[in-house]
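Residues per chain, in single letters:
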Amino acid sequence: MEVLYLLIPIALVLVLVIGLAFFWAIRSGQYEDMEGPAYRILMDDDDPMIPGNEDRRTEPTPEDDDRNGDRKP
């Protein structure tokens, strides 16, 4: 029974520390965009419709493909 005199203050301090950490995370913006990273995984990075990717080609031309060793003069 005497151990409760030690456990109750420890539990209250622990609840206070966890509560402060939670409120700090909310105020610092940790939970603002919960769905954004999940959708970013699904987006195609080499899509030419994305601004800045207009200069990328989607498929190499046969002249660019030199893997078979047939070089054209």
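Chemist: Explain the overall build of the chain here, please?
Modeler: Along the backbone of the chain there are two helices and zero strands. Split into buried and exposed, the 73 residues of the chain put 4% on the buried side. Surface summary for the chain: the accessible area is close to 7,500 Å², and the carbon and sulfur share equals 62%.

Chemist: Would you take a moment to explain the packing of aromatic side chains for this structure?
Modeler: Two descriptors summarise a pair of aromatic rings, namely the distance from one centre to the other and the angle between the planes of the rings. Inspection of every chain in the model, using the stated rule, returns two aromatic pairs. Centroid distance Phe 22 to Tyr 31: 6.2 Å. Interplanar angle 50°. Geometry classified as tilted. Given a relative accessible area of 41%, Phe 22 falls into the partly exposed group. Ring-pair connections join several aromatic residues into one group, and the members of that group are Phe 22, Phe 23 and Tyr 31.

Chemist: Help me out: how do you make sense of a nonpolar patch on the surface in this one?
Modeler: Residues Met 1, Val 3, Leu 4, Leu 7, Ile 8 and Leu 12 make up a contiguous nonpolar surface patch of about 640 Å² in total accessible area. Among the secondary structure elements, Val 3 is positioned in the segment before helix 1 (4-27).

Chemist: Even after reading the chapter, I still don't get helix 1, so can you show me in this structure?
Modeler: An α-helix turns once every 3.6 residues. As a result, residues three or four positions apart point the same way. A rise of 1.5 Å per residue sets the reference length of helix 1, with its 24 residues, at 34 Å; its end C-alpha atoms lie 34 Å apart and thus fit the reference within 8%. Little of helix 1 sits inside the fold, with one of its 24 residues counted as buried. With its phi angle positive at about 90°, Gly 29 sits one or two positions after the end of helix 1.

Basis of the calculations
- Residues numbered from 1 in each chain as written.
- Predicted model: local features only at pLDDT ≥ 70, side-chain atom pairs only at ≥ 80, totals over all residues.
- Heavy atoms only, no water.
- Helix = DSSP H or I, 4+ residues; strand = E, 2+ residues; numbered from the N terminus.
- Buried < 20%, exposed > 50% of the residue type's maximum accessible area, 1.4 Å probe, protein only.
- Areas by Shrake-Rupley, 256 points an atom, 1.4 Å probe, with all protein chains shown as cover.
- Phe/Tyr/Trp six-rings, centres within 6.5 Å; stacked < 30°, edge-to-face > 60°.
- Patch = residues over 30% accessible without salt bridge, like charges linked within 9 Å, V, L, I, M, F, W, Y side chains within 5 Å.
- Salt bridge = Lys/Arg side-chain N within 4 Å of Asp/Glu carboxyl O.
- Expected span 1.5 Å × (residues − 1).

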